[in-house]
Amino acid sequence: MASTFDVAKARERFPALKQDQVFLDNAGGSQALGDVIDSITQYLSKTNVQLGASYHTGQISNTKYEEGYQAAAKYMNAGRDEIVLGGSTTQLFMNLAGALQFNEGDEIILSKMEHETNVKPWLFMAERLKLKVKWWVSEKPELKLTPENLKPLLSPKVKFVACTHVSNILGTIHDVRAIADAVHEAGALLCVDGVSFAPHRAVDVKAFGVDFYAFSWYKVYGPHISVLYASASAQHHVKPLPHYFNPTKTLEDKLGFAASNYECTQSIPQITSYLTPILPAIAAHEGKLQAIILDFLNARDDITVHGSTSSDPAVRVPTISFTVKGMGSKKLVEEAEKISNFGFRWGHFYSKRLCDEVLGLEPEAVARVSMVHYNTEEEIRGLVEVLKKVLS
Ligand SMILES: Cc1ncc(COP(=O)(O)O)c(C=O)c1O
């Protein structure tokens, strides 16, 4: 049962929120928890030594790093051996794309609703292994990836499918469990980009039934580090890439490349212990935030919301993108900045195929307001007033 969410209490945990700035580009990057900042300072001040040593401080560092890995794995319901931490989701997908093994002539399916992070690595893989690429699109107005619009593309030749859990433009939540079931029925593997989902809802890779899943902690109230999950069975398709004398048992062994920054890794328990108790209550709060702005946007004839117009938190997360007839997205943001302290953005946000080819937008693409649990209803009501002025 979801408890009531106390936004004022949550905000106290984020030092950045004490400034005169309303943060509404959270899908770009969230603010960091004070406990994360403190733990990184502590780590660098006292225990910043090379891992693996047996002397006293070395042992403390080893333990802290391992606790970071354990917390990340537990948080996403993965085994310790099934995750690897690294610099970014893009980097981790590139590492995976360089290590996955398929046969020449096999097929892969990529969606056009993606941040380029979940496309480019697989195009690189297709070139490397001589695979055929098939494109998966859900046109307007649905703009939703489903087993139904995937199934016509599936065949015994398809070995790998990649899609997003939530688009960083549209905000609509895709049913990855249903998609994973369809992909597995066809005998392929599913890789999901969870970057825009993870800041808002619990990640449970076993319940999702995915083979690969990644997200970035810098959008989940932590530092700039990301995590990739690969199920134990999917790892059979991963060729280990470590130095020849190192172990090859875990995903970290196979794809780690010593790239999980120590001070960031060891701060992960601070994020998970903050989020785990409040996650069940976040959705309802976010539902209220998105209802405020969507009620305003949906009521105007000159505005198009791209993605679901529903404010139901079961349908979408509060990443809201829109265009205005007669006003470019860049101008809209600039005019709002002139009269307010609301920080939101315009552009394609690296989902360029979606903006150009599926939504058919101008190069300035959308204005995007992306909220998270620490935003308040008062802030969003204030934003609506600013938008009214800019559009008057
Ligand atoms: C949906 C989505 N996927 C992937 C990425 C890329 O993540 P990273 O910067 O960790 O590579 C982003 C970043 O904005 C994103 O929004």
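Since this is a predicted model, take the numbers as computed values, not measurements.

*Asks:* Which parts of the structure should I look at to understand the overall build of the protein chain?
*Replies:* A count of helical and extended segments in the protein chain gives 14 helices and 13 strands. Compactness check: the protein chain gives a C-alpha radius of gyration of 21 Å against a globular reference of 21 Å for 392 residues, within 12% of the reference. Along the first, second and third principal axes, the C-alpha atoms of the protein chain reach 65 × 55 × 40 Å. Counting across all 392 residues of the protein chain, residues that qualify as buried make up 48%.

*Asks:* Before we go on, may I ask you to explain the sheet that holds strand 7 (residues 212–216) in this structure?
*Replies:* Within a sheet, each strand pairs with its neighbour through backbone hydrogen bonds, oriented either parallel or antiparallel. Read across the sheet, 7 strands follow the order 2-8-7-6-5-3-4 without closing on themselves; strand pairing throughout is mixed. Two strands lie at the open edges of the sheet, namely strand 2 (83–86) and strand 4 (132–136), each paired on one side alone. Adjacent strand axes in the sheet meet at a mean angle of 15° when their direction is disregarded. Where helix 7 (residues 176–185) meets the sheet, its contacts fall on strand 5 (158–164) and strand 6 (189–193), and the angle it forms with strand 6 comes to roughly 155°.

*Asks:* Any chance you could explain the pairing of strand 8 (residues 226–230) here in plain terms?
*Replies:* Walk down a regular strand and you will see the side chains alternate between the two sheet faces. Among the 5 residues of strand 8, 5 are classified as buried, and the element is accordingly described as predominantly covered. Judged by which residues are buried, strand 8 turns out to be covered on both faces: Ser 226, Leu 228 and Ala 230 on one side and Val 227 and Tyr 229 on the other are all buried. When strand 2 meets strand 8, the two strands line up antiparallel, connected through 4 bridges. Paired with Ile 83 across the two strands is Tyr 229, which belongs to strand 8. Bridge count between strand 7 and strand 8: 5 bridges; the pairing is antiparallel. Paired with Phe 212 across the two strands is Ala 230, which belongs to strand 8.

*Asks:* I tried to follow unusual backbone geometry on my own but got confused; where do I start?
*Replies:* Glycine aside, negative phi is the norm for most residues, and most peptide bonds take the trans geometry. Following Lys 140, the chain continues into Pro 141 via a peptide bond in cis, with omega recorded as 0°. A positive phi angle, near 50°, is found at Phe 257, a position not held by glycine. With respect to the helices, strands and loops of the structure, Phe 257 is situated in the loop between helix 9 (251–255) and helix 10 (262–265).

*Asks:* When you look at the packing of helix 2 (residues 34–46) against helix 11 (residues 268–298) in this model, what are you seeing that I'm missing?
*Replies:* Think of two packed helices as two axes; the pair is described by the angle between the axes and how far apart they sit. It is at 8 Å that the axes of helix 2 and helix 11 come closest, and there the two elements cross at 160°. When the interaxial angle is binned, helix 2 and helix 11 end up roughly antiparallel. The chirality of how helix 2 crosses helix 11 is right-handed. Facing Asp 35, Val 36 and Ser 39 of helix 2, the residues of helix 11 in contact are Gln 270, Ile 271 and Tyr 274. Residue classes in the contact of helix 2 with helix 11 are distributed as 3 nonpolar, 2 polar and 1 charged.

*Asks:* Sorry, what's going on with the nonpolar core here?
*Replies:* One recurring pattern in soluble globular proteins: nonpolar side chains tend to sit buried together. Counting residues in hydrophobic clusters, the biggest one holds 112 residues, and the most contacted among them are Ile 83, Phe 212, Leu 228 and Tyr 229. In terms of residue count, helix 11 provides more of this core than any other element does, 7 residues in total. Here this core spans two domains, and each of domain 1 (7–32 + 279–391) and domain 2 (37–270) adds at least three residues to it. When residues no more than four places from it in sequence are discounted, the contact partners of Phe 212 are Leu 96, Cys 191, Val 192, Leu 228, Tyr 229, Ala 230 and Ala 234.

*Asks:* In this structure, what is going on with the domain arrangement of the protein chain? I would like to understand it.
*Replies:* It is common to report an interface's size as the accessible area lost on association of the parts. Once the domains are mapped, the protein chain shows domain 1 (7–32 + 279–391) and domain 2 (37–270). Computed over C-alpha atoms only, the centres of domain 1 and domain 2 are separated by 26 Å. Contacts between domain 1 and domain 2 engage 32 residues on the former and 30 residues on the latter. Going through the elements one at a time, helix 11, strand 10 (319–324), helix 13 (352–358) and strand 13 (366–370) are the ones with two or more residues in the side of domain 1 that touches domain 2. The element contributing the most residues to the side of domain 1 that touches domain 2 is helix 13, with 6 residues. Considering only residue class, the side of domain 1 that touches domain 2 consists of 17 nonpolar, 9 polar and 6 charged.

*Asks:* Please clarify how the sheet that holds strand 12 (residues 345–347) should be interpreted in this entry.
*Replies:* Read across the open sheet, the 4 strands follow the order 9-10-13-12; overall the sheet is antiparallel. Bordering the open sheet on either side are strand 9 (303–306) and strand 12, each of which pairs with just one other strand. Averaged over all pairs of adjacent strands, the angle between strand axes in this sheet comes to 35°, irrespective of strand direction. Along the sheet face, helix 12 (residues 329–339) touches strand 10, strand 12 and strand 13 and points at about 170° away from the line of strand 12.

*Asks:* Would you mind going over the site of the ligand with me for this structure?
*Replies:* Within the structure, the ligand sits among 13 residues, and Ser 88, Thr 90, His 115, Asn 168 and Val 195 are positioned closest to it. Grouping the amino acids of the shell around the ligand by side-chain chemistry returns 2 nonpolar, 10 polar and 1 charged.

*Asks:* Explain the UniProt feature "domain: Aminotransferase class V" (unreviewed entry) in the protein chain here, please?
*Replies:* In the numbering used here, UniProt assigns the "domain: Aminotransferase class V" (unreviewed entry) feature to residues 22–381. From the first C-alpha to the last, residues 22–381 spans 12 Å; its make-up is 37% helix and 16% strand.

Rules of the game
Residues numbered from 1 in each chain as written. Predicted model: local features only at pLDDT ≥ 70, side-chain atom pairs only at ≥ 80, totals over all residues. Helix = DSSP H or I, 4+ residues; strand = E, 2+ residues; numbered from the N terminus. Rg over C-alpha atoms; globule rule 2.2 N^0.38 Å. Buried ≥ 20, exposed ≤ 12 C-beta atoms within 10 Å, placed from the backbone. Pairing = 2+ DSSP bridges. Axes fitted to C-alpha atoms, helices over the stretch in contact; angles between N-to-C directions. Contact = placed C-beta atoms within 7 Å. Parallel < 35°, antiparallel > 145°, perpendicular 65-115°, else oblique. Left-handed = near helix turned anticlockwise from the far one by under 90°. Nonpolar A, V, L, I, M, F, W, Y, C, P; charged D, E, K, R; others polar. Core = buried A, V, L, I, M, F, W, Y, C linked by C-beta atoms within 7 Å. Domains from an automatic or database assignment. Near = placed C-beta within 6 Å. UniProt positions renumbered as here; feature names shortened; annotations may be inferred.

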